Amino acid sequence: MFWRSRKTAAWRQETAAPAETSSTPEPFDVPVELRVDRASVSFLAFPHPGPIVFADTTVTCHHCGADHDWMVIKNAEGVFIRCRCTHTWPEPRMAQQFDALMGPVTDVAPDFDHALRSMGYDGTFSGTYLQ
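Residues numbered from 1 in each chain as written. Predicted model: local features only at pLDDT ≥ 70, side-chain atom pairs only at ≥ 80, totals over all residues. Heavy atoms only, no water.

Draft legend 1. View of the environment of Pro92. As for its position among the elements, Pro92 is in the loop between β6 (88-90) and α1 (98-101). Each C-alpha atom of the pair Pro92 and Ile81 lies 9.8 Å from the other, and the pair is eleven residues apart in sequence. (Helix = DSSP H or I, 4+ residues; strand = E, 2+ residues; numbered from the N terminus.)

Draft legend 2. Seen up close, the nonpolar core. Counting residues in each nonpolar core, the largest one holds 17 residues, and the members touching the most others are Ile52 and Trp70. At the level of secondary structure, the elements contributing two or more residues to this core comprise β1 (43-48), β4 (70-75) and β5 (78-82). Setting aside chain neighbours within four positions, we find Ile52 in contact with Thr57, Thr58, Val59, Trp70, Val72, Ile81 and Met94. (Core = buried A, V, L, I, M, F, W, Y, C linked by side-chain atoms within 4.5 Å. Buried < 20%, exposed > 50% of the residue type's maximum accessible area, 1.4 Å probe, protein only. Contact = heavy atoms within 4.5 Å.)

Draft legend 3. Broad picture of the sheet that holds β5. Judged by pairing direction, the sheet is antiparallel, and its four strands sit side by side in the order β1-β4-β5-β6 without closing on themselves. Only two strands of the sheet have a single partner each, and these edge strands are β1 and β6. Between one strand axis and the next, the sheet turns through 25° on average, direction left out of account. Pairing of β4 with β5 involves five bridges; the strand directions are antiparallel. Its bridge partner being in β5, Asn75 is matched across the sheet by Gly78. Relative to the sheet, helix α2 (residues 112-119) contacts β1, β4 and β5, its axis offset from that of β1 by approximately 10°. (Pairing = 2+ DSSP bridges. Axes fitted to C-alpha atoms, helices over the stretch in contact; angles between N-to-C directions.)

Draft legend 4. Spotlight on the pairing of β1. Most of β1 sits out of view: five of its six residues are buried. Note that β1 and β4 share six bridges and pair antiparallel. Along β4, the bridge assignment pairs Phe46 with Val72.

Draft legend 5. View of the packing of aromatic side chains. On inspection of all chains with the given rule, the structure shows three aromatic pairs. Relative to Phe98, the ring of Phe46 has its centre 5.4 Å away and its plane inclined at 55°; by these criteria the two rings are tilted. Of this pair, Phe46 sits in strand β1 while Phe98 sits in helix α1, and the two are 52 residues apart along the sequence. Taking the centre distance of 5.6 Å and the plane angle of 85° together, the rings of Trp70 and Trp89 count as edge-to-face. Placement of Trp70 in strand β4 and of Trp89 in strand β6 is noted, with a sequence separation of 19 residues between them. Trp70 sits in the buried class, given a relative accessible area of 0%. (Phe/Tyr/Trp six-rings, centres within 6.5 Å; stacked < 30°, edge-to-face > 60°.)

As structure tokens, then:
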């Protein structure tokens, strides 16, 4: 249900001035007190919704055959890829690309299991792939 106010002779609509558009977005600087020192954490992880390709070969999960929707994890032992079916394997070819692909730290999890649950890689969404 919509409610519409009645227009009267005293009511006038003023035209808005055109908004100035910027061709480049303004840089976003995270305040110092909110920054996370990447060297102080035990692991870094981020979701990677698209396919990962190395030397014209698309990475696929050996357990379920998925070819996209990954969790990329970096810890002291190296870089790993995790599928929604919970299969995890080391991917040393990803080490060079990890920092370039990972954006700013947006969340801090108390432990690895919490990170898996909050990002949906704990097996709950096994077989569910978002397009």
